[in-house]
Amino acid sequence: MTFSIVARCARTGRLGVAGATSSIAFGGRCPYGRSGLGVAVTQNRTDPTIGPRALDHLAQGLDAGAALAATMAETVHPEWRQAAVMDAAGRIASYNGARCSGLHAEARCDTAVALGNILADVGVPAAMIRGFEATEGALEDRLIAALRAGLAAGGEVKPLRSAAMITVGTDPFPDSNLRIDSADDPIGALAALWRQWRVMAPICRLWAYDPGAA
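To start, this report covers the structure provided alongside it. (Residues numbered from 1 in each chain as written. Predicted model: local features only at pLDDT ≥ 70, side-chain atom pairs only at ≥ 80, totals over all residues. Heavy atoms only, no water.)

What about the sheet that holds strand 2 (residues 15–21)?
Turning to step 1, where the next piece is worked out: Sheet architecture is open: six strands sit in the order 7-8-1-2-9-10, paired in antiparallel fashion. With partners counted over all chains shown, the strands left at the sheet margins are strand 7 (105–109) and strand 10 (176–180), one partner each. Within this sheet the neighbouring strands show an average axis-to-axis angle of 5 degrees, counted without direction.
Turning to step 2, where the next piece is worked out: As paired strands, strand 1 (residues 2–8) and strand 2 are joined by seven bridges and run antiparallel to one another. Directly across from Ala-7, in strand 2, lies its bridge partner Gly-16.
Turning to step 3, where the next piece is worked out: Running over the sheet, helix 4 (residues 139–152) touches strand 1, strand 2, strand 9 (162–168) and strand 10 and is turned about 30 degrees from strand 2. (Pairing = 2+ DSSP bridges. Helix = DSSP H or I, 4+ residues; strand = E, 2+ residues; numbered from the N terminus. Axes fitted to C-alpha atoms, helices over the stretch in contact; angles between N-to-C directions. Contact = heavy atoms within 4.5 Å.)

Set out below in structure tokens:
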């Protein structure tokens, strides 16, 4: 019961993944990112090992398509799963199992793919892509805009409870790794958390590289 997006900023090369769902703790089970490699999301009767294994395959030199194919070939009950991967070059791969739940769909542009299951409207992923493409600014702002657009287009059939976002760039740790585990308005709470984090992020980065100068 989830809708999500993986995307690349064409200007900076940064990668990100964001999503929301009606169950709790989306951030602990679904989105994954690894600097210099790529981002992934796994959902629908979620197998939390899919994302890390896909990133491991990217680390072995596979592109997004080959990495996701290898991951799903070794996945238990793949017919229940829905997943997407983007590699550092921006190549996109997605998977929708034969038993993916309810109304499910995906949409793409050159720099992003959005997908969802148990949707209230089949047009939700396409609305997310339009929201992402129509928004300027930081990758995080664009990802949150995509989530808002998906919700405005109908979202999923149940009220949302959790949302999360991960972005990666050139540092060996995420640029942003934010999650709302249980809230009445998880996308709004995620946006508020991002506004706080965008102020702190440069300071926390300096702590890692030059703590005496922070």
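Back to the text.
Some remarks on the pattern of salt bridges
Turning to step 1, where the next piece is worked out: Applying the stated criterion across every chain yields a total of 11 salt bridges.
Turning to step 2, where the next piece is worked out: One salt bridge in this structure joins Asp-184 and Arg-161, with 2.7 Å as the shortest N-O distance. Of this pair, Asp-184 sits in the loop between strand 10 and helix 5 (186–209) while Arg-161 sits in the loop between helix 4 and strand 9, and the two are 23 residues apart along the sequence.
Turning to step 3, where the next piece is worked out: The residue Asp-171 makes a salt bridge to Arg-205 at a minimum N-O spacing of 2.7 Å. Of this pair, Asp-171 sits in the loop between strand 9 and strand 10 while Arg-205 sits in helix 5, and the two are 34 residues apart along the sequence.
Turning to step 4, where the next piece is worked out: Because the salt bridges share partners, they merge into one network encompassing Arg-14, Glu-140 and Asp-175. (Salt bridge = Lys/Arg side-chain N within 4 Å of Asp/Glu carboxyl O.)

Coordinates in, geometry out; function isn't part of it.
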